[in-house]
Amino acid sequence: MATSTELREQIEAAIPGATVEVESPDDVHFTARVVSDRFDGLSRVQQHRLVYDIFGDRLGAEIHALSLKTETP
Amino acid sequence: MSEQSNPIRDAIAQAIGDNRVILFMKGTPDQPMCGFSARTSAALQALDTPFAAVDILPDPRIRQELSAISGWPTIPQLFVEGELVGGADIVAEMYETGELAQALGVAAPADAPVEAPAGADPAPAPLGIENRLSS
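Quick caveat: nothing in here was measured; it's all calculated off a predicted structure.

Definitions and limits used
- Residues numbered from 1 in each chain as written.
- Chains lettered and ligands numbered in written order.
- Predicted model: local features only at pLDDT ≥ 70, side-chain atom pairs only at ≥ 80, totals over all residues.
- Pairing = 2+ DSSP bridges.
- Helix = DSSP H or I, 4+ residues; strand = E, 2+ residues; numbered from the N terminus.
- Axes fitted to C-alpha atoms, helices over the stretch in contact; angles between N-to-C directions.
- Left-handed = near helix turned anticlockwise from the far one by under 90°.
- Contact = placed C-beta atoms within 7 Å.
- Nonpolar A, V, L, I, M, F, W, Y, C, P; charged D, E, K, R; others polar.
- Buried ≥ 20, exposed ≤ 12 C-beta atoms within 10 Å, placed from the backbone.
- Core = buried A, V, L, I, M, F, W, Y, C linked by C-beta atoms within 7 Å.
- pLDDT = per-residue confidence, 0-100.
- Expected span 1.5 Å × (residues − 1).

Focus: the sheet that holds strand β2 (residues 29-35) of chain A
All names here are of chain A. If you trace the three strands from one edge of the open sheet to the other, you get β1-β2-β3, paired in mixed fashion. At either margin of the open sheet sits one strand with a lone partner, and together these are β1 (19-23) and β3 (65-71). Averaged over all adjacent pairs, the angle separating strand axes in this sheet is 15 degrees, with direction ignored. Pairing between β1 and β2: five bridges, direction antiparallel.

And the structure:
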């Protein structure tokens, strides 16, 4: 089982300085908004991959769905 | 696994190469099995653009091999001209900014909704539609 707080902390640890909001109604479906200058110059696919890669195999398993919005400051 | 004996991966790669616009999804555009897949196919339909759709549910290896090719962990996945455009969130965002129509090389129809369409409610789990355990 994952929690919004845990996901937020993991993203913050992997992307230092990022502003991260994570919400979940049920601890399996998550919505995240990540703002970071790390995304600068990256395509959307590359931006999302950066976040997906933090969770690896947990995506699709205990994290059923992660709806993602990535932005630069 | 040796590369020369991976017919599923080869078939997926070929489908991506052969179809200018191809969506890998759960279910079909007419009967999506997941809200994310429903939204993504609805966005393409709202733009009146023809696209190939592949249902990844019948065989778990399709999803496995697709993700190995694309480096993208989730479904749906939209490819245009052989390139991964993104999943449900990216496609919805691009629909709303007009970038999706641009990437597809189409003009959004005048009556296309401004917000990404929600898509049909996903069908319930396919119990009773097809019993895959019996054969």
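Having seen it, we continue.
Remarks on the packing of helix α1 (residues 7-18) of chain B against helix α3 (residues 60-70) of chain B
Residue and element names in this part refer to chain B. One way to put it is that α1 packs onto α3 with a least axis distance of 9 Å and a crossing angle of 65 degrees. Two packed elements cross with a definite hand, and for α1 against α3 that hand is right-handed. For the pair α1 and α3, the contacting residues are Ile8, Arg9, Ile12 and Ala13 in the first and Arg61, Ile62, Glu65, Leu66, Ala68 and Ile69 in the second. Looking at side-chain class alone, the contact of α1 with α3 contains seven nonpolar, no polar and three charged residues.

A word on the pairing of strand β3 (residues 77-80) of chain B
All names here are of chain B. Burial along β3 is two-sided: Gln77 and Phe79 facing one way and Leu78 and Val80 facing the other are all buried. Two elements, strand β1 (residues 21-25) and β3, share four bridges in a ladder whose sense is antiparallel. Bridge pairing links Ile22 to Phe79 in β3. With three bridges joining them, β3 and strand β4 (residues 83-86) adopt antiparallel strand pairing. Looking across to β4, one finds that Val80 is bridged to Glu83. Connecting β3 to the next strand, β4, in antiparallel fashion are two residues, including Glu81 with a positive phi near 50 degrees.

Brief notes about the interface of chain A and chain B
Across the contact, eleven residues belong to chain A and eight residues belong to chain B. For the side of chain A that touches chain B, the secondary structure elements donating two or more residues are α2 (44-55) and β3 of chain A. Taken together, the residues that form the side of chain A that touches chain B break down as five nonpolar, three polar and three charged.

Observations concerning the packing of helix α2 (residues 35-46) of chain B against helix α4 (residues 88-97) of chain B
Residues and elements named next belong to chain B. The N-to-C vectors of α2 and α4 enclose an angle of 30 degrees; their axes lie 9 Å apart at closest approach. Here the hand of the crossing between α2 and α4 comes out left-handed. For the pair formed by α2 and α4, the contact residues are Phe36, Arg39, Thr40 and Ala43 on the first element and Ala88, Val91, Ala92 and Tyr95 on the second. Of the residues assigned to the contact of α2 with α4, the class counts are six nonpolar, one polar and one charged.

As for the sheet that holds β1(B)
Residue and element names in this part refer to chain B. Taking strand neighbours across the sheet as the criterion, the four strands line up as β2-β1-β3-β4 in an open arrangement whose pairing is mixed. For this open sheet the edge positions go to β2 (52-55) and β4, each flanked by a neighbour on one side alone. The mean inter-strand angle of the sheet, taken between neighbouring strand axes irrespective of direction, is 25 degrees. Judged from the four bridges that link them, β1 and β2 form a sheet pairing that is parallel. Among the inter-strand pairings, Phe24 is bridged to a residue of β2, identified as Val54.

Remarks on the nonpolar core
Counting 31 residues, the largest nonpolar core has Leu23(B), Phe24(B), Ala43(B), Val91(B), Tyr95(B) and Leu100(B) as its most contacted members. At six residues, α4(B) tops the list of elements feeding residues into this core. The next biggest cluster of nonpolar side chains, apart from the first, holds 14 residues, and it includes Ile15(A), Val20(A), Ala32(A) and Ile63(A).

Digging into the confidence of the model for chain B
Counting all residues, the mean pLDDT for chain B is 88, and 87% of those residues have values of 70 or more. Across the interfaces of the predicted complex, the ipTM metric reaches 0.86, alongside a pTM of 0.86.

Observations concerning α2(B)
Along an α-helix, residues three or four apart share an orientation, since each turn contains 3.6 residues. Counted at 1.5 Å a residue, the expected span for α2(B) with its twelve residues is 16 Å, and the 16 Å between its end C-alpha atoms agrees. Burial within α2(B) is extensive, with nine of its twelve residues counted as buried. Among the residues making up α2(B), those that are buried are Phe36(B), Ser37(B), Ala38(B), Arg39(B), Thr40(B), Ser41(B), Ala42(B), Ala43(B) and Leu44(B). Contacts made by the buried residues of α2(B) are with β3 of chain A together with β1, β2, β3, α4 and α5 (99-104) of chain B. Looking one or two places after α2(B), you find Asp48(B), whose phi comes out positive at around 60 degrees.

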